[in-house]
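So you can see what is in the structure, the chains are spelled out below.
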Amino acid sequence: MTRPVKQSTSPLLLQIRESIVSCERCPRLRDYCRGMGETKRRAYQDQTYWARPVSGFGDPRARVLILGLAPGAHGANRTGRPFTGDGSGYFMYPVLHELGFASQPTGTSRDDGLKLRHAWIASVVRCAPPGDKPTPQEIRNCSTHLAAEIEALQKVRVVVCLGKIAFDGYMAYLLQTGVIERRSPYRFAHGAEYVLPNGLSLLASYHPSLRNTNTGRLDSTMFARIFLRARELSGLST
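Everything in this summary refers to the structure shown in the same document. Here the structure is a predicted model, which is why all the values come from computation and not from measurement.

### Some words on the environment of Gly75
Phase 1: Checked against the element boundaries, Gly75 lands in the loop between β2 (64-68) and α3 (76-79).
Phase 2: Expressed as a C-alpha distance, the spacing of Gly75 and Tyr186, which sit 111 residues apart in the sequence, is 30 Å.
Phase 3: Excluding anything up to four places from it in sequence, Gly75 contacts Thr84, Gly85 and Asp86.

Structure (structure tokens):
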């Protein structure tokens, strides 16, 4: 688990990335992201914010897809990589590193050398939304980006949804593509586990936001159990 990870991205995923980064479908979100990049948080005044939509990243042969909500205004919107440079990432990456999914326990910038092994991290919304609350239309606008990444990741066997909005976004994808006929059998709860009609496994976790981790609603042991189960279901050795 400590071997250096060589990471390359397929031409298709690079094309999808460019489509995501150049997206201007949601004026409210684009204005908000650019505004955050101009005003900045005091601690980051000397940094240039990414301030563009954020594509997924990881191992193109991933067996585990990890889905979050959206970039953080001063996290991924600043650094340009999911769960990088904010409290959620500082909670998540040590767990992923311990379980062999990440090459290092910290994610501070998109150039910090962090690589993922057997995992791809993405979100249902690619721009930071005010108050972490995208509108239903904004989620729909972004759904084609999610679908494109999912369909390019041919080796995925397990999907881990972090939080209810990510879970609902993935449900919408499954309905749209005809994988499921209705969503009523699938309910979000931490630790919920489902086998989908296409043979993939779906796991749900509380989102590793500070509001969950600082209050004890989600701790590292609970979170690690989700990814231990993901390793098992995806056929990875522990």
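### Here we look at unusual backbone geometry
Phase 1: In this model, Lys40 sits at a positive phi of 65 degrees, which is unusual for a non-glycine residue.
Phase 2: You can see Lys40 is positioned in the loop between α2 (27-39) and β1 (57-58).
Phase 3: Accessibility expressed as a relative area gives 23% for Lys40, which makes it partly exposed.
Phase 4: Positive phi outside glycine occurs at Asp132, with the angle close to 60 degrees.
Phase 5: With respect to the helices and strands, Asp132 occurs in the loop between β3 (119-123) and α5 (136-152).

### A few points about the side chain of Asn77
Phase 1: Position of Asn77 among the secondary structure elements: in helix α3.
Phase 2: Looking at Asn77, the relative accessible area reads 1%, which means it is buried.

Each value, and the rule that gives it
Here the residue index of a chain counts from 1 through its sequence in written order. Local features in this predicted model are restricted to residues whose pLDDT is 70 or higher, and side-chain atom pairs enter the listing and the counts only when it is 80 or higher, whereas totals over whole chains, interfaces and linings include all residues. With hydrogens and water set aside, each side-chain value is computed from the structure's full complement of heavy atoms. Counting from the N terminus, the helices are the DSSP runs of H or I reaching at least four residues and the strands are the DSSP runs of E reaching at least two. Contacts: residue pairs with any heavy atoms within 4.5 Å of one another. Residue exposure (1.4 Å probe, protein chains only): buried if accessible area is under 20% of the type maximum, exposed if over 50%, otherwise partly exposed.

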